[in-house]
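# Coordinate analysis (summary)
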Amino acid sequence: SSKPKVALLGASGGIGQPLGLLLKQDPHIANLALYDLVGTPGVAADLSHIDSNCRVKAYTGAKELTACVEGADVVVIPAGVPRKPGMTRDDLFNTNAGIVRDLIEVVAKSAPKAMIAIITNPVNSTVPIAVEVMKNNGVDAKKRVFGVTTLDVVRAQAFVSELKGTDAAKTVVPVIGGHAGITIIPVLSQAEPSLKFSEDEIKKLTPRIQDAGTEVVNAKAGAGSATLSMALAGARFANFLVRAVKGEKIEACSFVASDAVKGVEYFSTKVQIGQSGVEKVLGVGKVTAFEQGLIDAAVPQLQKEIAKGVKFIKG
Ligand code: APR
């Protein structure tokens, strides 16, 4: 539509609130619908006082979810429980898998054509869950369910520009694979502007990008996981989807149903996004032997996490 509506599910949380703030300021978004179990009237009243053109409305509790998502062009989902020290993203599985399943049930019925951006972890499992639930409701959403891996890209770009002294705004680093631990694959050889990394730099940067989420979890010491940087990344990706809905062709990395790598049904690479969702999987491209080794190591882990999501729905 020319007046895109974005529904934000989990809008009162640590990610949801700053994400709502950023979406309220996005000139491409006409309507912002905030949904959570609690707290959305306050968040919406607060945000509605910002003098931007986007209209904000609050929806609270399961009974109002349908109205929230009806007519949405893009549904962004950060609802869930965050990670605490000592937990992996996979430890969140049981709680968050159920939350995503229940939300997507309603999206399938009330906004079957929407683009869906999933932030709720473990993304490697929650994306297949969303696709399977849509399928159970008769909706083929394979090209419209996106796992938001933008924070991995944002972090890689931040760390590389810091290390190399490049302009962060112009530094581009693709990150492919999945969104947890060793499934996160920074492709430093494809960084722009073209940069030379020493072997030592590659061996330090790669695990730092892979474990960056844990860096935040530990620093927050029990208060949760990344919220502010995740909100920025989520807003950046939602902006891509809204612009795609309006007719632009967007290229971005995202965890989607993909044939980019043999043996895994979902994989993040750069994809071209248009009005109907993923139009082209742009693939892994040329990688170094070291990066190919990272891909090979990620595949069995990804297979396991994808299968776990599928099994949660199919049994
Ligand atoms: N429907 C809607 N909202 C829900 C539901 C549900 N079924 N269950 C929980 N929520 C809401 C909570 O009420 C809360 O407002 O989701 C929000 C989560 O906020 P936080 O607990 O602050 O968690 P946050 O740090 O935002 O992380 C949320 O994002 O990155 C991922 O791993 C992270 O999966 C976690 C999610």
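## Overview of the overall build of the chain
Per the secondary structure count, the chain includes 10 helices and 11 strands. Taking 20 Å as the expected radius of gyration for a compact globule of 315 residues, we find that the chain reaches 18 Å, a close match to that expectation. Here the C-alpha coordinates of the chain stretch approximately 55 × 45 × 40 Å along the principal axes. Counting only residues that meet the buried cut, the chain has 54% of its 315 residues in that class. For the chain, restricting intrachain contacts to residue pairs at least 6 apart in sequence, the fraction spanning at least 24 positions comes to 70%. Positive and negative side-chain charges of the chain, numbering 36 and 30 respectively, have mean locations separated by a distance of 3 Å.

## A word on the site of the ligand
In the vicinity of the ligand there are 21 residues, among which Gly 14, Ile 15, Asp 36, Pro 78 and Asn 96 approach most closely. Between Asn 96 and the ligand, the recorded distance is 3.0 Å, taken from a side-chain N or O atom to an oxygen atom. Across the complex, the protein chains shield 83% of the 730 Å² of accessible surface that the ligand would expose by itself. Going through the elements one at a time, strand 2 (31-36) and helix 4 (93-110) are the ones with two or more residues in the shell around the ligand. In terms of residue count, the dominant contributor to the shell around the ligand is helix 4 (three residues). Here the shell around the ligand is built from residues that sort into 11 nonpolar, nine polar and one charged.

## Some words on the pattern of salt bridges
This model, assessed by the stated rule, comprises 11 salt bridges. Note that Lys 203 is salt-bridged to Glu 199, the shortest N-O span being 3.5 Å. Separated by four residues within a single helix, Lys 203 and Glu 199 lie in helix 7 (residues 199-210), roughly one turn from each other. For Glu 248, the salt bridge goes to Arg 243, with nearest N and O atoms at 3.0 Å. With a relative accessible area of 33%, Glu 248 lands in the partly exposed category.

## Structural notes on the packing of aromatic side chains
What the rule picks out here adds up to four aromatic pairs. Relative to Phe 312, the ring of Phe 93 has its centre 5.5 Å away and its plane inclined at 90 degrees; by these criteria the two rings are edge-to-face. Of this pair, Phe 93 sits in helix 4 while Phe 312 sits in helix 10 (residues 289-314), and the two are 219 residues apart along the sequence. Centre to centre, the rings of Phe 237 and Phe 240 are 6.3 Å apart; their planes meet at 80 degrees, and the pair counts as edge-to-face. Pair noted here: Phe 237 and Phe 240 are both in helix 9 (residues 228-245), with a separation of three residues, about one helical turn. We note that Phe 237, like Phe 240, is buried. One aromatic cluster in this structure is built from Phe 146, Phe 237 and Phe 240. Positioned above the aromatic ring of Phe 159 is the side chain of Arg 208, whose terminal nitrogen or guanidinium carbon lies 3.7 Å from the ring centre. Across the ring face of Phe 93, the terminal group of Lys 308 is positioned such that the distance to the ring centre comes to 4.7 Å.

## Looking at the side chain of Asp 152
Secondary-structure assignment places Asp 152 in helix 6 (residues 150-164). Arg 155 provides the closest opposite charge to the buried, salt-bridge-free Asp 152, at an N-O distance of 4.2 Å. Non-local contacts of Asp 152, meaning those with residues more than four positions away in its chain, are made with Val 175, Gly 178, His 179, Ile 184 and Ile 209.

## Description of helix 5 (residues 123-136)
The α-helix winds at 3.6 residues per turn, so residues separated by three or four positions along the chain end up facing the same way. The end-to-end C-alpha distance of helix 5 is 20 Å, a good match for the 20 Å that 14 residues give at a rise of 1.5 Å each. Extensive coverage of helix 5 is indicated by the burial of 12 of its 14 residues. Among the residues making up helix 5, those that are buried are Val 123, Asn 124, Ser 125, Thr 126, Val 127, Pro 128, Ile 129, Ala 130, Val 131, Glu 132, Val 133 and Met 134. A positive backbone phi angle near 80 degrees is found at Gly 138, which sits one or two residues after helix 5.

About the cut-offs
- Residues numbered from 1 in each chain as written.
- Predicted model: local features only at pLDDT ≥ 70, side-chain atom pairs only at ≥ 80, totals over all residues.
- Heavy atoms only, no water.
- Helix = DSSP H or I, 4+ residues; strand = E, 2+ residues; numbered from the N terminus.
- Rg over C-alpha atoms; globule rule 2.2 N^0.38 Å.
- Buried < 20%, exposed > 50% of the residue type's maximum accessible area, 1.4 Å probe, protein only.
- Contact = heavy atoms within 4.5 Å.
- Lys, Arg positive; Asp, Glu negative; His and termini not counted.
- Charge placed at Lys NZ, Arg CZ, Asp CG, Glu CD.
- Near = heavy atom within 4 Å.
- Polar contact = N/O pair within 3.5 Å; in protein donor to acceptor, adjacent residues only side chain to side chain.
- Areas by Shrake-Rupley, 256 points an atom, 1.4 Å probe, with all protein chains shown as cover.
- Nonpolar A, V, L, I, M, F, W, Y, C, P; charged D, E, K, R; others polar.
- Salt bridge = Lys/Arg side-chain N within 4 Å of Asp/Glu carboxyl O.
- Phe/Tyr/Trp six-rings, centres within 6.5 Å; stacked < 30°, edge-to-face > 60°.
- Lys NZ or Arg CZ within 6 Å of the ring centre and 35° of its normal.
- Expected span 1.5 Å × (residues − 1).

Worth remembering: the numbers are spatial, not functional.
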